[in-house]
Amino acid sequence: MAKVVPGQPYDRSALILFGSETGNSEEVAQCLGDVVERLRFASKVCEMDAVELQPQNALHKATVIIFVISTTGLGDIPRNARKFWRNLLRKRLPPNCLSRVSFTTFGLGDSSYVQYAYPPSLSAACFAKQCGAFNWAARKLHKRLEQLAAKEIYPRGEADEQHHEGIDGTYLSWSADFGKRLLSLYPLPDGVEPIPPHVLLPPKYILQLVEEENLKDSSEYLEPEIKDSDPESGSLLGTDAAEGAAIQKTIALASASGKTTLSKSLQSPTTPPRSQPQSSVLATMTSPVSISISVPTLDHPLSSISTTLNSTPASSNLTPISPTSLQSSLAEPLRTGLKESVASVWSNPVAGLSTSTPALHQPSTIVKGKITNSVNLDANLLDRDPPVNQKVQLPGAQGPRVELLHTERMTADNHWQDVRQLTFRLPANAGRPMPGDILRVHPNNTPDAVAELICLNDWEAMAETKTVFKAAGSSFPDNMLLSPIRGLHPVNQTTLRELLTHNLDITAIPTRRFFGKISEWTNDPLHKTRLLDFANPARTEEYLDYAVRSRRSILEVLGDFPSVKIPWTYAADAFPFMQGRQYSICSGGDLTNDTQDPGFYHVQILVAIVKYQTVLQKIRRGLCTQYIESLEVGELAGVSFERGTAGIGSDPRRPAILIGAGTGIAPLRSLILERACTRLENEADRAKTVLFFGGRNQGADYFYQEEWKANRALLTVFPAFSRDQREKYYVQDALRAEGKLVWEMVEGGASVWLCGSSGGMPRRVRAALLGILGFHGRMSREEAEKLLAEMVKNRLFTQETW
Ligand SMILES: Cc1cc2nc3c(=O)[nH]c(=O)nc-3n(C[C@H](O)[C@H](O)[C@H](O)COP(=O)(O)O)c2cc1C
């Protein structure tokens, strides 16, 4: 078992700042954190919005800064980087204000967004040159940093999800070369080597057992810079300022003196004395039975963790791993392809990225928009006693909750797909929901899954004991920067079981980084070798076959490798944090009002329940939709509200062409209802609303057809069902068939919305639109392209695909 070697700064530090909408950039940032730590940099990974531009802060003290940012919407900055971006754009910033900053950027994007995107600040010529909105956020950030005199120490990297190897297709070679560049710029002192890949890096967060009195005054240790008074920053998922403060409390130190006591129940005679040398071995896998814990002190937060697990090493009973492939297209969408080709000499073979599928959008997601506050739903709700049921509630009942009023299956009973409409009761203090707004659903792990994980890791003895998160200490020069824990509900003290239930994503598909980590916690040589294979970027196919194509969960992997025993103190570091899933609202207009109580609004979402089978034969279910499926009417659900596109397209005086397939109807219905209920002084001003809807069968998944009939005067619908006749017929075919009408509406200034799956549909719809502009509008290809780009620029074209 390798010894823990804490990061040794040697006067070098790296700040890794990410802007991430669905978690991919965050994962890249964590991987880069590992890369630099192995090069002996003190590192800190945090959201961009957690950092201020002030002269004396970490931004100016770090030896290097790596910005990792995705592009969202159509050329937009992710919401947890918008405050930082706005600050960077301030006109009164001195032109050389970042002259002490050495940086590089790594962008995450999708080249399919080249097509329509035309970021507002760009001229047509520039647009053509710059390939539309592809990686637009990273490009403009990089450019702005240089304008402010920051020094580029390594060229920008740009990952493309369309690459056949996904993000890894760019990331792996880029990070390997970047590492070499760092070593050449900042050579290590004689006799000091990079931390080798087989040595476990210190954790970012550790768990401690605490007695209640240790927590009482935890607020006095809050780290000033993570306090975020900007209500728009939304840096903490689904939280407002108060909730953010609570999160800060969560990560606040339990004891300034490092005097952290063990829960009495766990203080066994085998507990080592506190004076024990801090560099004790992390875990001795071969040792028998007892649990002994020495608690980290502030000075040496990591080196003192000493856990002797009751682990009898399992014999090598690894389940045979055969290449597998997905049998169903119903799997939650794979946003990130992954693969690996480059393994550099110095680099950590586990440093490559892996899929970040768990953080993905679910159907009905809208992530586009200018205004994206997270709103605390209702303080009063938090005081209510949750209904008694089998499900474990959010710890401390502090997470945002809303009441589920109604749920309804929207597909025919005999249809293979279960699509549900859920109606929630939203406190009015969140503001009136508008088309384009989002509900984020925060799921739970099931009690069974949690129990299984606890059992697999032999954590039964401490599972019910109060614990506290502690951001692991760091030699980072600016100690103000403690990264907020994204996606963590504010729990001041919680048990390990509660944490696993509400906060840690134990059913995510494991990343390569996860395999690298857990390989440290087995003493079975065969298991270790296999785990390191999966972590090795040079053996991507094995990882893909074992973990991704078969959609194995972290829990299943731990079941396959029973010799792995994760020290419980590492739980918060080993597992990803659970992030809520976003759903665009499908309600609007009069449906929004609560006729019984003006203190509330009603909000609906449309959710396709994710259930599928891989060649492993096991039925797989989406974590979030499983939670949604289990919700009962009247129950308070973990849901937060976020602003989206600010009602673009809801003005009934402007014609609207709405194109949607499947659950992509959600934001379109919201628009239709909003437009219909908006009263006009002169009804003659009301413009056409035309919906092109794509489904499989009229009898199975023609959502809201009764409503459309009732609204016939205000809405024209052209449905396209692919499976109702021999010849496949899709929305793009319906568009072509109504080409003349479409052209007339575009000519009349219509706004166009395109919503649904990001597969081939958006590309085909775009081709159809270009054809219509060419044929009916008599435009050349170039003119048609330019018109579409102009529409994007003027926010007359909105694409919400996932
Ligand atoms: C709703 C949505 C909009 C997107 N818009 C763009 C875009 O305009 N340009 C681009 O290059 N990529 C775009 N992408 C691709 C993302 O940048 C890419 O999926 C990235 O891996 C997401 O990283 P994140 O999880 O850190 O946000 C978009 C993705 C989604 C889901």
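All of these numbers come straight from a predicted model, not from anything done at the bench.

The number of helices and strands found in the protein is 23 helices and 25 strands. Long-range pairs, those at least 24 residues apart, make up 80% of the contacts in the protein with a sequence separation of at least 6. Only carbon and sulfur atoms are counted for the fraction: they give 51% of the accessible area of the protein, which is about 29600 Å².

Of note, D458 is a non-glycine position whose phi angle comes to about 60 degrees, a positive value. Summarising the element assignment, D458 is placed in the loop between α9 (447-456) and β14 (466-471). You can call D458 buried: its relative accessible area is 16%. The backbone of R551 sits at a positive phi, close to 55 degrees, despite the residue not being glycine. Within the fold, R551 resides in the loop between α13 (540-548) and α14 (554-560). A residue is classified by how much of its surface remains accessible, and R551, at 6% relative accessible area, is buried.

Not every one of the 24 residues close to the ligand is listed here, only the nearest: S20, T22, T71, G73 and E161. Contacts to the ligand include G23, whose backbone N or O atom sits 3.0 Å from an oxygen atom. Contacts to the ligand include N24, whose backbone N or O atom sits 2.8 Å from an oxygen atom. Protein coverage of the free-state accessible area of the ligand, which is 640 Å², stands at 98%. Secondary-structure elements contributing two or more residues to the shell around the ligand are α1 (24-38) and β4 (102-109).

Moving on to the sheet that holds strand β21 (residues 656-661). One key point about sheets: their strands pair by backbone hydrogen bonds, in either a parallel or an antiparallel sense. Across the sheet, which stays open at both edges, the five strands sit in the order β23-β22-β21-β24-β25 with parallel pairing between neighbours. Of all strands in the sheet, those with a lone pairing partner are β23 (716-721) and β25 (797-801), marking the two edges. When the angles between neighbouring strand axes are averaged without regard to direction, this sheet yields 10 degrees. Against the sheet, helix α17 (residues 665-677) contacts β21, β22 (689-695) and β24 (751-756), and its axis sits at roughly 150 degrees relative to β21.

As a further point, take the packing of α1 against helix α6 (residues 168-185). At their nearest, the axes of α1 and α6 sit 10 Å apart, and the two run at 35 degrees to each other. When you trace α1 past α6, the crossing you get is right-handed. Here V28, C31, L32, V35 and V36 of α1 come into contact with α6, specifically with Y171, W174, S175, F178 and L182. Partitioning the contact of α1 with α6 into residue classes produces nine nonpolar, one polar and no charged.

Our focus in this paragraph is helix α5 (residues 136-147). With twelve residues, α5 should cover 16 Å at 1.5 Å per step; its first-to-last C-alpha distance of 16 Å lies within 8% of that length. Among the residues of α5, those classed as buried are W136, A137, A138, R139, L141, H142, R144 and L145. Just past α5, the residue A149 takes up positive phi, approximately 80 degrees.

An α-helical turn contains 3.6 residues, so a residue and the one three or four places further along point in the same direction. Restricting attention to buried positions, one finds in helix α21 (residues 739-747) the residues G739, L741, V742, W743, M745 and V746. Tucked into the core, α21 has its buried residues touching β21, β22, β23, α20 (731-737), α22 (761-775) and α23 (781-793). G749 lies just past α21 and shows a positive phi near 90 degrees.

Attention now moves to the environment of N445. Checked against the element boundaries, N445 lands in the loop between β13 (438-441) and α9. Along the primary structure N445 and Q626 are separated by 181 residues, whereas in three dimensions their C-alpha atoms are 9.2 Å apart. A polar atom in the side chain of N445 sits 2.7 Å from the backbone oxygen of L504.

Turning next to the environment of Q799. As for its position among the elements, Q799 is in strand β25. For the pair Q799 and L74, spaced 725 residues apart in the sequence, the C-alpha separation amounts to 7.6 Å. There is a polar contact of 3.1 Å between the side chain of Q799 and the side chain of T801.

Positionally, S640 belongs in strand β20 (residues 636-642). Engagement of the side chain of S640 in a polar contact is seen with the side chain of H442, the distance being 2.9 Å.

Between α21 and α22, the least distance of the axes is 9 Å, while the angle of their chain directions is 80 degrees. Looking at the two axes, α21 sits roughly perpendicular to α22. The segment α21 lies against α22, with G739, V742, W743 and V746 engaging L769, I772 and L773. Considering only residue class, the contact of α21 with α22 consists of six nonpolar, one polar and no charged.

This paragraph deals with the confidence of the model for the protein. Averaged over every residue, the pLDDT of the protein is 73; residues scoring 70 or more account for 68%. Low pLDDT (under 50) marks residues 215-398, which in the prediction has 520 contacts with non-local residues, meaning those over four places away or in another chain. Predicted confidence is poor over residues 479-484, with pLDDT under 50, and the contacts of this stretch with residues over four places away or in other chains come to 29 contacts.

To continue, consider the nonpolar core. Counting 45 residues, the largest nonpolar core has W459, L500, F515, I518, L558, I566 and F575 as its most contacted members. Taken together, the elements giving at least two residues each to this core come down to β7 (205-209), α9, α10 (496-502), α11 (512-518), α12 (525-535), α13, α14 and α15 (571-574). Excluding residues that lie within four positions of it along the chain, W459 makes contacts with L453, I454, L496, L500, I566, P567, W568, A571 and F575. One finds L74, Y113, V765 and F797 within the second-largest nonpolar core, a separate group that totals 32 residues.

On to the pattern of salt bridges. Applying the stated criterion across every chain, the model contains 39 salt bridges. E403 serves as the salt-bridge partner of R425, at 3.8 Å between the closest nitrogen and oxygen. One end of the pair, R425, is in strand β12 (residues 419-427); the other, E403, is in strand β11 (residues 401-409), and 22 residues separate them in sequence. Residue D413 is joined to R409 by a salt bridge in which the shortest nitrogen-to-oxygen separation is 4.0 Å. A relative accessible area of 72% places D413 in the exposed class. By sharing partners, the salt bridges in this structure join R409, D413, D418, R420, K611, R621 and E629 into a single network.

This brings us to the packing of aromatic side chains. Here a ring pair, both rings aromatic, is described through the centre-centre distance and the interplanar angle of the planes. Across all of its chains, the model carries 23 aromatic pairs by this definition. Ring centres 5.2 Å apart and planes at 55 degrees place the aromatic pair F515 and F534 in the tilted group. Residue F515 is located in helix α11, and its partner F534 is located in helix α12; the two are separated by 19 residues in the primary sequence. When the ring of Y704 is compared with that of W708, the centres are 5.9 Å apart and the planes differ by 55 degrees; the resulting orientation is tilted. When its relative accessible area of 7% is taken as the criterion, Y704 is described as buried.

For the rest of this paragraph, the subject is the pairing of β4. In terms of residue burial, β4 counts as a mostly covered element, since eight of its eight residues are buried. Residues of β4 alternate between two faces, with S102, T104, F106 and L108 on one and F103, T105, G107 and G109 on the opposite face, all of them buried. Both strand β3 (residues 64-70) and β4 contribute to a ladder of six bridges, which runs parallel. Paired with V68 across the bridge in β4 is F106. A crossover connection joins β3 to the parallel β4 through helix α3 (residues 82-88); in handedness this β-α-β unit is right-handed. Of the strand pairs in this sheet, β4 and strand β5 (residues 151-152) are connected by two bridges, and their pairing is parallel. Bridge pairing links S102 to K151 in β5.

Calculation criteria
Residues numbered from 1 in each chain as written. Predicted model: local features only at pLDDT ≥ 70, side-chain atom pairs only at ≥ 80, totals over all residues. Heavy atoms only, no water. Helix = DSSP H or I, 4+ residues; strand = E, 2+ residues; numbered from the N terminus. Contact = heavy atoms within 4.5 Å. Areas by Shrake-Rupley, 256 points an atom, 1.4 Å probe, with all protein chains shown as cover. Buried < 20%, exposed > 50% of the residue type's maximum accessible area, 1.4 Å probe, protein only. Near = heavy atom within 4 Å. Polar contact = N/O pair within 3.5 Å; in protein donor to acceptor, adjacent residues only side chain to side chain. Pairing = 2+ DSSP bridges. Axes fitted to C-alpha atoms, helices over the stretch in contact; angles between N-to-C directions. Left-handed = near helix turned anticlockwise from the far one by under 90°. Nonpolar A, V, L, I, M, F, W, Y, C, P; charged D, E, K, R; others polar. Expected span 1.5 Å × (residues − 1). Parallel < 35°, antiparallel > 145°, perpendicular 65-115°, else oblique. pLDDT = per-residue confidence, 0-100. Core = buried A, V, L, I, M, F, W, Y, C linked by side-chain atoms within 4.5 Å. Salt bridge = Lys/Arg side-chain N within 4 Å of Asp/Glu carboxyl O. Phe/Tyr/Trp six-rings, centres within 6.5 Å; stacked < 30°, edge-to-face > 60°. Right-handed = clockwise from strand over helix to strand, strands pointing away.

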